[in-house]
Number of protein chains: 4
Amino acid sequence: MTMRFAVLGAGRIGRVHAKAIASTDGAVLVAVADPIAAAAESLAAAHACAIRTIDEIEAAGDVDAVVICTPTDTHADLIERFARAGKAIFCEKPVDLDVTRVKNCLKVVQETGATLMVGFNRRFDPHFAALKGAIDAGKIGKVEMVTITSRDPSPPPYEYISRSGGIFRDMTIHDFDVARWLLGEEVETVMASASVLVDAEIGKRGDYDSVNIILRTASGRQAIITNTRRAVYGYDQRIEVLGSDGLVAAENLREANIEIANASGYHKPPLMDFFMTRYTAAYAAEIAAFIKAVGEKSVPPTTGDDGLKALALAEAALKSVAEGRAVSLSEVTG
Amino acid sequence: MTMRFAVLGAGRIGRVHAKAIASTDGAVLVAVADPIAAAAESLAAAHACAIRTIDEIEAAGDVDAVVICTPTDTHADLIERFARAGKAIFCEKPVDLDVTRVKNCLKVVQETGATLMVGFNRRFDPHFAALKGAIDAGKIGKVEMVTITSRDPSPPPYEYISRSGGIFRDMTIHDFDVARWLLGEEVETVMASASVLVDAEIGKRGDYDSVNIILRTASGRQAIITNTRRAVYGYDQRIEVLGSDGLVAAENLREANIEIANASGYHKPPLMDFFMTRYTAAYAAEIAAFIKAVGEKSVPPTTGDDGLKALALAEAALKSVAEGRAVSLSEVTG
Amino acid sequence: MTMRFAVLGAGRIGRVHAKAIASTDGAVLVAVADPIAAAAESLAAAHACAIRTIDEIEAAGDVDAVVICTPTDTHADLIERFARAGKAIFCEKPVDLDVTRVKNCLKVVQETGATLMVGFNRRFDPHFAALKGAIDAGKIGKVEMVTITSRDPSPPPYEYISRSGGIFRDMTIHDFDVARWLLGEEVETVMASASVLVDAEIGKRGDYDSVNIILRTASGRQAIITNTRRAVYGYDQRIEVLGSDGLVAAENLREANIEIANASGYHKPPLMDFFMTRYTAAYAAEIAAFIKAVGEKSVPPTTGDDGLKALALAEAALKSVAEGRAVSLSEVTG
Amino acid sequence: MTMRFAVLGAGRIGRVHAKAIASTDGAVLVAVADPIAAAAESLAAAHACAIRTIDEIEAAGDVDAVVICTPTDTHADLIERFARAGKAIFCEKPVDLDVTRVKNCLKVVQETGATLMVGFNRRFDPHFAALKGAIDAGKIGKVEMVTITSRDPSPPPYEYISRSGGIFRDMTIHDFDVARWLLGEEVETVMASASVLVDAEIGKRGDYDSVNIILRTASGRQAIITNTRRAVYGYDQRIEVLGSDGLVAAENLREANIEIANASGYHKPPLMDFFMTRYTAAYAAEIAAFIKAVGEKSVPPTTGDDGLKALALAEAALKSVAEGRAVSLSEVTG
């Protein structure tokens with residue numbers, strides 16, 4: 001049976017998901033909604049689907065699932081509406097920037113019995129999935145230390161920074177999710193250090209651009225996350241996990257696997273430039289996992305609760321920076 | 001304008017091309033033909049296209065181009081038929097195993113003015129294309145030496161070996177084409193050495209499984225090709241080009257870019273297993289290049305003449321092995 | 001002019017330094033002292049030098065410099081004695097485990113005008129030196145983030161742990177020194193997280209075996225240090241420095257630079273097993289730097305003050321773990 | 001028992017061997033001889049040894065072994081003299097450029113029962129030795145294909161080319177020896193291709209600068225050697241061996257194991273610049289192997305016969321180029 005999709009929001013990430021749906025067996029894109037007519041038209045044309053309003057999609061009998069790619073502050077409301085409308089929901093992270101709002105939203109999802117998957121695309125990257133597979137297969141023994149290096153090539157626009165909730169909620173949140181996934185235990189305490197080194201304007205907007213975080217579980221497992229908004233050599237996305245019997249690491253990717261040697265040395269091309277190219281396969285696998293979970297009526301691999309927990313880690317990191325101390329997760333989850 | 005395709009032959013490579021067409025903007029798969037009904041049905045079902053006979057496709061008004069993936073001994077006849085029918089033709093290598101037959105076929109193509117592209121997929125691999133781009137951009141100066149390492153993971157079935165024309169015509173032919181492409185000059189002489197090291201049965205069928213070839217151009221540029229039918233570690237596909245100002249190399253690829261370190265050392269997964277996975281992107285780019293050439297009415301990047309020249313190099317290599325001497329290309333092209 | 005050396009302490013590290021002296025132009029080993037006769041005899045025989053008591057060496061007219069490789073709790077006393085005796089002093093880290101004792105000792109050194117170099121061998125490793133050279137040459141712009149991965153292959157004996165001062169003072173101290181060297185600014189605050197994951201016996205002795213530390217300078221530069229007492233794949237010693245214009249990294253080393261590919265993948269040998277082999281070149285370069293500094297009457301590249309500052313970072317790290325907060329260096333240096 | 005050495009010839013390679021002797025336990029450098037007084041004095045001063053004439057060394061009672069580093073055309077005579085004088089002999093390759101002269105010289109060595117080791121340093125490189133060790137340990141099964149890439153950073157002086165015997169006898173000879181060592185079977189036929197691509201002046205002197213050679217054993221094993229006189233990126237020295245169960249490869253080495261990433265990509269330093277630095281460890285291990293063989297009265301690992309066989313391969317390669325055909329080794333060894 002084919003799953004019929006509507007994509008809400010025809011921006012950059014909406015287009016990525018629309019393309020992923022189009023190229024996935026068993027999925028078809030029925031409609032797209034966007035208040036900006038040109039964006040909706042362009043995306044609808046690319047995939048030969050209808051343009052509809054959100055109200056129309058909510059009422060539609062030919063839509064089984066929605067992919068929410070609208071601005072963050074609309075996510076929680078839309079999730080509640082479509083949960084009540086009986087649609088399966090895939091929502092880009094985060095559910096909301098406020099922990100309490102997320103909790104209330106997830107309560108509605110639970111009451112309606114709707115399927116909600118929150119988009120943490122990195123778990124679906126084939127390389128990171130292979131790394132996780134090696135851990136699960138016992139190749140490195142018991143997990144002890146997770147090291148995540150995650151650096152953007154360049155800062156986002158100031159306007160984005162002002163409304164993103166800050167680096168921990170917007171950027172590190174992916175790494176918090178990956179750390180939770182790989183640690184194999186829930187995090188108990190968070191220590192974070194944050195600076196403005198890249199651009200003083202970012203600081204003026206109340207955000208940081210260079211941060212390091214240490215997460216710690218009850219049994220003492222630790223994860224270190226290092227983030228910066230500017231790595232001039234490309235989109236640096238690496239993971240290392242140390243276990244009692246060894247180490248597993250996932251390396252960066254580049255478009256062209258070539259090397260040039262000349263009188264000044266050996267040279268490889270820069271890394272893939274950003275998430276749109278680096279995680280193409282991950283976005284496709286993520287949608288496929290959603291379709292599979294809905295089809296099987298099973299729990300999706302990344303749930304609303306995962307979204308809540310990653311957001312709580314961001315809250316704790318912010319508090320740790322503000323107060324210069326290790327913050328227990330229980331302090332922010334109430 | 002959309003180009004309407006028929007695929008002739010629904011075997012392994014036919015399916016690869018059908019998928020490439022389906023995922024290419026500006027191309028649509030209209031029909032498939034195969035004498036084995038089950039094969040045709042399966043492929044037609046996968047892409048929701050018609051099943052037709054070759055005669056029907058030849059006569060069809062809704063087919064602009066054919067992709068010939070039938071057995072080698074039918075290629076030349078089909079090329080001639082579809083050239084006369086006014087279709088654009090993409091034909092899997094080789095046009096024929098016999099040099100004279102190829103020449104006659106290409107004469108027909110020329111007379112009809114048909115567009116013929118011969119499938120040398122490796123030129124379209126993004127990594128090899130980046131290597132060629134570096135050469136063309138002058139990154140290594142004047143080309144001097146080309147080194148091609150090309151090893152299959154395991155030998156083909158005996159039955160295939162008996163009718164393939166032998167390792168030079170079936171396997172090395174890709175490397176001959178790549179060498180010609182990278183040397184930037186036509187080859188004048190060929191020296192080849194061939195052994196049976198992998199499986200004595202291959203020798204009993206009159207073929208070799210382990211060969212090395214040195215090609216040489218008029219100005220003294222050289223290419224070395226090393227082939228074997230068995231590399232237990234995977235499908236080994238590497239190129240190095242030395243120039244007056246440096247070296248450019250394209251490395252192997254693997255599915256998962258991870259490394260595991262344990263008490264016995266550092267370990268990476270095996271290479272991609274064979275051409276179906278290793279050259280997925282190349283097959284798609286190849287079809288896209290064909291569509292572009294037909295659309296622009298330009299000469300395709302890999303022509304019938306390229307097919308003829310690579311075949312002649314295979315002839316020369318066979319002669320070199322038989323006679324234990326350097327063979328001039330002019331001896332085999334007449 | 002040749003510098004005449006005595007080595008105090010004929011244990012493992014004493015032997016390393018004796019060998020470095022013997023292979024350095026402009027240096028000669030005159031005498032060795034060790035309360036364990038067999039150790040002194042073995043080392044004296046290997047280098048055809050005299051066995052003397054520490055008193056004899058202190059009074060000797062034919063000894064210009066001493067290398068102190070005795071147990072840690074004798075370092076400060078010996079430094080003071082030999083400073084007063086007018087000898088140049090190379091002392092293995094640390095000067096003492098107690099910050100106040102170190103300060104008093106350095107006061108004596110200053111009063112006597114003696115040359116004191118403290119052995120932070122890693123700065124002299126040719127690879128790390130090349131990394132520092134790249135930073136100093138402006139290759140990565142302004143330094144922002146330093147990442148040090150430093151993992152021992154296996155824990156030391158329990159007896160060593162009991163008297164070493166703990167992981168921060170014994171193991172991380174090297175990384176603290178490297179971080180200071182690379183950050184290019186003094187550290188202001190320290191956040192540390194410590195667990196017992198490798199061996200519960202280590203915890204019973206009041207120490208940790210798995211730690212992560214974030215250092216931060218006044219301008220917001222940060223360094224992350226990750227340590228464990230057990231990396232089964234070898235002695236993992238890596239450094240990465242991110243700057244405004246790029247990244248420079250120093251990779252691990254192995255004895256044999258070979259790779260084996262087979263049906264289970266690609267395999268490299270384990271890393272060099274421990275500091276004796278990994279830092280052979282560093283130990284030789286370190287002694288050469290000492291000889292050069294004494295000869296030129298210049299300040300050695302790693303001074304008593306460097307020893308004090310690295311020790312203070314260890315103190316701060318311990319306090320951070322105990323109190324679960326960021327600790328200012330000023331709290332521990334008084 | 002200490003072995004007492006004299007070094008004949010105080011040029012570049014003589015200095016390398018003198019240093020290797022000085023740093024080897026169980027060996028002492030007693031004397032050096034060179035017709036150029038300044039060269040002899042400089043080397044004698046560096047190692048505090050005597051300057052003597054060759055006659056004096058021949059007659060000396062305090063010299064057990066000689067290292068012949070004089071010009072090639074004196075090698076055979078000196079070997080004969082010192083064999084008759086009862087000294088153990090280490091001679092730099094080649095024994096002579098003429099096969100017959102080598103044969104006669106080796107006859108004298110055999111009659112006197114002298115120990116003669118010919119300097120093929122590469123077998124003693126720790127990385128190549130580890131590669132050979134992996135083969136001998138059965139890690140890749142039965143050897144099938146050997147690939148040797150050996151490129152000098154820049155051509156030698158014209159004057160050297162005129163008297164070196166040409167690229168095959170001077171440069172490829174090392175690769176011929178390595179190929180024989182790794183193939184595990186004697187070579188039967190040689191095919192070679194040679195061009196002048198680097199410098200036309202080299203061609204005017206009757207030599208080539210860019211060559212490829214295919215060697216073949218009786219059972220069909222093959223080795224490919226690729227040489228050039230100019231690789232602008234450094235001294236390129238790589239070996240790959242394919243076997244029935246896998247591949248083993250030895251990679252290039254560089255002084256500093258660092259990598260810099262910036263906006264133009266990832267960059268590693270050039271390779272070690274030439275044999276003096278690349279093979280330092282090999283030269284020391286080679287002399288140690290000679291001392292061991294003399295001490296144990298065993299056959300040295302690289303004998304006069306190895307020198308003869310490598311020279312014969314060079315003869316065969318020259319003949320193959322001249323006649324454009326595969327040449328049997330029996331044609332040149334008579």
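The written sequence of each chain sets the order in which its residues are numbered from 1. Here the convention is simple: chains get letters from A, ligands get numbers from 1, in the order in which they are written. Confidence filtering applies because this is a predicted model: local features only for residues at pLDDT of at least 70, side-chain atom pairs given and counted only at 80 or more, and all residues used for totals across whole chains, interfaces and linings. Here the side-chain values reflect all heavy atoms present in the structure, with hydrogen atoms and water set aside.

*Asks:* It is not clear to me how the domain arrangement of chain A should be interpreted in this structure. Could you clarify?
*Replies:* How big an interface is tends to be expressed through the accessible area that disappears when the partners come together. Residues and elements named next belong to chain A. Where each domain starts and ends follows an automatic or database-derived domain assignment. One can read the domain layout of chain A as domain 1 (3-114) and domain 2 (123-282 + 310-333). Taking only C-alpha atoms, the centre of domain 1 and the centre of domain 2 are 27 Å apart. The contact rule is simple, with two residues in contact once any of their heavy atoms fall within 4.5 Å. Across the contact, 11 residues belong to domain 1 and 13 residues belong to domain 2. Defined in terms of a 1.4 Å probe, buried area is the accessible area two parts forfeit on being brought together, summed over both. For the pair domain 1 and domain 2, the two sides together bury roughly 890 Å², of which 69% comes from carbon and sulfur. Contact with domain 2 buries area across many residues of domain 1, yet Lys93, Leu97 and Val99 alone supply 58% of it, more than any other trio. Throughout this description, the term salt bridge denotes a Lys or Arg side-chain nitrogen within 4 Å of a carboxyl oxygen of Asp or Glu. Counting across the interface, domain 1 meets domain 2 through 0 salt bridges.

*Asks:* Whenever I open this one, the relation of the copies chain B and chain D confuses me. Can you help?
*Replies:* The operation relating the pair of chain copies consists of a rotation about an axis and a translation along that axis. C-alpha atoms of residues with pLDDT of at least 70 in both copies form the basis for the least-squares superposition of the copies. Rotating chain B by 180 degrees and translating it 0.0 Å along the rotation axis places it on chain D, where the RMSD comes to 0.0 Å. Look at the turn and shift together and you get a two-fold axis relating the two. Taking C-alpha positions as reference, the residue of chain B nearest the rotation axis is Arg325 of chain B, located at 1.9 Å. Same-surface contact between copies: 100% of interface residues of chain B are shared with the interface of chain D.

*Asks:* Would you take a moment to explain the environment of Asp207 of chain B for this structure?
*Replies:* All names here are of chain B. Residue placement: Asp207 occurs in the loop between helix H9 (200-204) and strand E9 (210-217). Separated by 205 residues in the primary sequence, Asp207 and Thr2 have C-alpha atoms spaced 44 Å apart. If we skip the residues at most four places from it in the chain, Asp207 touches Ile161, Gly166, Ile167, Val196, Ile202 and Arg229. Side-chain polar atoms of Asp207 contact the backbone nitrogen of Ile167, separated by 3.0 Å. A run of H or I in DSSP becomes a helix once it reaches four residues, and a run of E becomes a strand once it reaches two; helices and strands are each numbered from the N terminus. Each polar contact in these results corresponds to two N or O atoms within 3.5 Å; when the atoms are within protein, one needs to be able to donate a hydrogen and the other to accept it, and residues that are neighboring in sequence are counted only if both atoms are side-chain atoms.

*Asks:* In this structure, what is going on with the packing of helix H8 (residues 167-183) of chain C against helix H12 (residues 304-323) of chain C? I would like to understand it.
*Replies:* If you want to describe how two helices pack, look at the angle between their axes and the distance between the axes. Residues and elements named next belong to chain C. Every angle, taken between N-to-C directions, lies between 0 and 180 degrees, and every axis is a line fitted to C-alpha atoms, over only the stretch in contact when it is a helix. Across the interface, H8 lies against H12 with an axial gap of 8 Å and an inter-helix angle of 120 degrees. The crossing of H8 and H12 is right-handed. Every residue of H12 that contacts H8 at Phe168, Arg169, Ile173, Phe176, Asp177 and Arg180 is listed here: Asp306, Lys309, Ala310, Leu311, Leu313, Ala314, Glu315, Ala317, Leu318 and Val321. Here the contact of H8 with H12 is built from residues that sort into 10 nonpolar, no polar and 6 charged. Should the near helix be turned anticlockwise from the far one by less than a right angle, the crossing is termed left-handed; should it be turned clockwise, right-handed. Residues were grouped as follows: Ala, Val, Leu, Ile, Met, Phe, Trp, Tyr, Cys and Pro as nonpolar; Asp, Glu, Lys and Arg as charged; and all remaining residues, including Gly, as polar.

*Asks:* Quick question: what am I supposed to make of the side chain of His267 of chain A here?
*Replies:* Assignment of secondary structure puts His267 of chain A in strand E14 (residues 265-268). A polar contact is formed between the side chain of His267 of chain A and the backbone oxygen of Gly265 of chain A, at a distance of 3.2 Å.

*Asks:* Explanation requested: the sheet that holds strand E6 (residues 116-119) of chain A in the structure shown.
*Replies:* Consider a sheet: its strands pair through backbone hydrogen bonds, and that pairing is either parallel or antiparallel. Across the sheet, which stays open at both edges, the 6 strands sit in the order E3-E2-E1-E4-E5-E6 (chain A) with parallel pairing between neighbours. Bordering the open sheet on either side are strand E3 (50-51) and E6 of chain A, each of which pairs with just one other strand. Strands are treated as partners if at least two bridges between them are detected by DSSP.

*Asks:* Before we go on, may I ask you to explain the pattern of salt bridges in this structure?
*Replies:* A side chain with one charge can pair with a side chain of the opposite charge if their charged atoms come near. Under the definition given, this model contains 130 salt bridges over all chains. Arg230 of chain D is the partner of Glu144 of chain B in a salt bridge, and the nearest nitrogen-oxygen pair spans 2.5 Å. Remark: Arg230 of chain D occurs in the loop between strand E10 (222-228) and strand E11 (236-243) and Glu144 of chain B occurs in strand E7 (residues 143-151); the pair is interchain, linking two chains. Accessibility here uses a 1.4 Å probe with only protein chains present; expressed as a share of the type maximum, an area under 20% marks a residue as buried, one over 50% as exposed, and anything in between as partly exposed. Looking at Arg230 of chain D, the relative accessible area reads 17%, which means it is buried. For the salt bridge of Lys309 of chain D with Glu186 of chain D, the shortest nitrogen-to-oxygen distance reads 3.9 Å. With Lys309 of chain D in helix H12 (residues 304-323) and Glu186 of chain D in the loop between helix H8 (167-183) and strand E8 (187-195), the pair connects residues that are 123 residues apart, well separated along the chain. Here the salt bridges share partners, and the residues they tie into one network are Arg123, Asp177, Arg180, Glu186, Asp305, Asp306 and Lys309 of chain A.

*Asks:* For this particular structure, what's the right way to read the interface of chain B and chain D?
*Replies:* Facing 40 residues of chain B, the contacting portion of chain D comprises 40 residues. Across the chain B to chain D interface the summed buried area is about 3100 Å²; carbon plus sulfur atoms make up 53%. Scanning the region where chain B abuts chain D turns up 6 salt bridges. A salt bridge links Arg238 of chain D to Glu240 of chain B; the nearest nitrogen and oxygen atoms lie 2.5 Å apart. Counting across the interface, chain B meets chain D through 20 residue pairs in polar contact (both at pLDDT 80 or more). By residue number, the principal contributor to the side of chain B that touches chain D is E9 of chain B, which donates 6 residues. Tallied by class, the residues present in the side of chain B that touches chain D amount to 15 nonpolar, 15 polar and 10 charged.

*Asks:* Help me out: how do you make sense of the UniProt feature "domain: Gfo/Idh/MocA-like oxidoreductase N-terminal" (unreviewed entry) in chain A in this one?
*Replies:* When the UniProt feature table is mapped onto this chain numbering, "domain: Gfo/Idh/MocA-like oxidoreductase N-terminal" (unreviewed entry) sits at residues 3-120 of chain A. Between the C-alpha atoms that bound residues 3-120 of chain A the distance is 21 Å, and the span itself is 47% helix and 24% strand. UniProt positions are given in the numbering used here, feature names are shortened, and annotations may be inferred rather than shown by experiment.

*Asks:* I keep staring at the interface of chain B and chain A and nothing clicks. Help me out?
*Replies:* Residue-level contacts link 22 residues of chain B with 22 residues of chain A. Around 1600 Å² of area is buried between chain B and chain A when both sides are counted, 57% of it from carbon and sulfur atoms. It is Asn257, Ile258 and Ile260 of chain B in chain B that bury the most area against chain A; as a group they hold 32% of the surface buried on that side. The interface formed by chain B and chain A contains 0 salt bridges. In this assembly, chain B and chain A are joined by 10 residue pairs in polar contact (both at pLDDT 80 or more). Within the residue set of the side of chain B that touches chain A, elements represented by two or more residues are helix H6 (126-136), strand E12 (246-250) and strand E13 (258-262) of chain B. Of the residues that constitute the side of chain B that touches chain A, the class distribution is 12 nonpolar, 5 polar and 5 charged. Strand direction decides the pairing type here: strand E13 (residues 258-262) of chain A and E12 of chain B, joined by 4 bridges, are antiparallel. If you follow Ile258 of chain A over to E12 of chain B, its bridge partner there is Ala250 of chain B.

*Asks:* Help me out: how do you make sense of the side chain of His174 of chain A in this one?
*Replies:* All names here are of chain A. You can see His174 is positioned in helix H8 (residues 167-183). Under the relative-accessibility criterion, His174 is labelled buried at 11%. In contact with His174, not counting residues within four places along its chain, are Lys93, Gly119, Phe120, Asn121 and Arg122.

*Asks:* Got a minute to help me understand the relation of the copies chain B and chain A in this structure?
*Replies:* Placing chain B over chain A gives an RMSD of 0.0 Å and needs a rotation angle of 180 degrees, together with 0.0 Å of translation along the axis. A high fraction, 100%, of the interface residues of chain B reappear at the interface in chain A, so the copies pair face to face through one surface.

*Asks:* How should the pairing of strand E12 (residues 246-250) of chain C be read in this particular structure?
*Replies:* For a regular strand, side chains alternate in direction, first toward one face of the sheet and then toward the other. Residue and element names in this part refer to chain C. Of all 5 residues in E12, 5 are buried; the element is thus mostly enclosed. Every second residue of E12 is oriented toward a common face, with Gly246, Val248 and Ala250 on one face and Leu247 and Ala249 on the other, all of them buried. Of the strand pairs in this sheet, strand E11 (residues 236-243) and E12 are connected by 5 bridges, and their pairing is antiparallel. Directly across from Val241, in E12, lies its bridge partner Val248. Turn length for the E11-E12 hairpin, with the two strands adjacent in sequence and antiparallel, is 2 residues.

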